[in-house]
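Fold and contact review
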Amino acid sequence: MNFFDLLAGFGGGSPGTKIRYGVFSNKEDAAVEPDNLTVLYTCVKILSENFSRAPILVKDGNGKVVPHKVSDLWNNKPNDWMNPQTLRSTSEWERNIFGNSFMEITPNGLVYLPAQELSDYEIQGGRLKYKLTPISNPRNRDLRVSREIEAKNLLHFRGVSNNGVFGLSPLSAAYSTHQLMQNATRTVSSFYKTTR
């Protein structure tokens, strides 16, 4: 999936990536225009590139930096196929588009999980578990199966949340705000037209 596949799905019509955990109705389409795409792409790219340079530091109670498995993976070698900057940039890109980004903590390192694949969660006995449902990809012949992942085994970066677990898509929130402003303008305009 590339950036334009994402926006094709966001703009409606074609079966593309859905912006999930958003605040607008699936029946409404967002206006996707070339100028909007350029601005959006540039903003997300700048945020992702800046975040990709940020290390994670774990500190003890006295504020002293201490060694930690996750910070070592995040800062040095997250896994065998991604360097730290690529992993962090991908993470921030996902968070800015979908409102969430996930990295699974495994014995072999940090594994990037597409936000669209973590579809639900449940809390059992005071423990949060996420439900991973792989998206089928016929080209990859993806044989992964659905499974649950405990929150303690995930790095989850989320945006603003309405439930404390999944973040809302900033795109959905911006679209909702834009629609609200348009509706308010129409209401005020129609009020003045009818009072003349």
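Predicted, not measured: the structure shown is a model, and the values here were computed from it. Sequence order as written defines the numbering, with residues in each chain counted from 1. Reporting in this predicted model follows two pLDDT cut-offs: at least 70 for local features of residues, and 80 or more for side-chain atom pairs to be given and counted; totals over whole chains, interfaces and linings ignore these cut-offs and use all residues. The side-chain figures draw on all heavy atoms in the structure; neither hydrogens nor water molecules are used.

Helix and strand definitions here come from DSSP, where helices need a minimum of 4 consecutive H or I residues and strands a minimum of 2 consecutive E residues; each element is numbered from the N-terminal end. Along the chain, Ser-101 turns up in strand β1 (residues 100-106). Think of a polar contact as two N or O atoms within 3.5 Å of one another; within protein, one of them needs to be a possible hydrogen donor and the other a possible acceptor, and neighboring residues in sequence only count if both atoms come from side chains. Of note is the side chain of Ser-101, whose polar atom sits 2.8 Å from the side chain of Ser-91. Look past the residues within four positions of Ser-101 in its chain and what remains in contact with it is Ser-91, Glu-94, Arg-95, Leu-155, His-156 and Phe-157. The contact definition used throughout considers only heavy atoms, calling two residues in contact when any of these lie within 4.5 Å.

Remark: nonpolar core denotes a set of buried residues (Ala, Val, Leu, Ile, Met, Phe, Trp, Tyr, Cys) joined through side-chain atoms within 4.5 Å. Three labels apply to residues, based on accessible area from a 1.4 Å probe with only protein chains included: buried if under 20% of the type maximum, exposed if over 50%, partly exposed otherwise in between. Counting residues in each nonpolar core, the largest one holds 15 residues, and the members touching the most others are Phe-102, Leu-113, Leu-118, Tyr-130 and Leu-154. At the level of secondary structure, the elements contributing two or more residues to this core comprise α2 (34-51), α4 (84-98) and β4 (127-132). By size, the runner-up hydrophobic cluster in this structure holds nine residues, among which are Val-70, Leu-73, Met-103 and Leu-155.

Only one rule defines a salt bridge in this text: a Lys or Arg side-chain nitrogen within 4 Å of an Asp or Glu carboxyl oxygen. This structure, assessed with the given rule, holds seven salt bridges. In this structure, Lys-131 and Glu-122 form a salt bridge, with 3.4 Å as the shortest nitrogen-oxygen distance. Accessibility expressed as a relative area gives 28% for Lys-131, which makes it partly exposed. Where Arg-127 meets Glu-150, a salt bridge forms, and the shortest distance between an N and an O atom there is 3.4 Å. In this pair, Arg-127 sits in strand β4 while Glu-150 sits in strand β5 (residues 147-150), placing the two residues 23 residues apart along the sequence. Exposure remark for Arg-127: the relative accessible area of 46% places this residue in the partly exposed category.

The next thing to look at is the pairing of strand β2 (residues 109-113). Two elements, β1 and β2, share five bridges in a ladder whose sense is antiparallel. Bridge pairing in β2 places Glu-104 opposite Val-111. Where β1 folds back onto β2 in an antiparallel hairpin, the turn is made up of two residues. Two strands pair under a simple rule: DSSP has to find at least two bridges between them.

Mean pLDDT over the protein: 77, with 76% of residues reaching 70 or higher. Every residue is assigned a pLDDT by the predictor, reflecting its confidence on a scale from 0 to 100. Across the protein, the secondary-structure element scoring lowest on mean pLDDT is helix α1 (residues 3-10), at 46, and the one scoring highest is β1, at 92. Ignoring residues within four places in sequence, the model shows residues 1-30, a span with pLDDT below 50, making 64 contacts including any to other chains.

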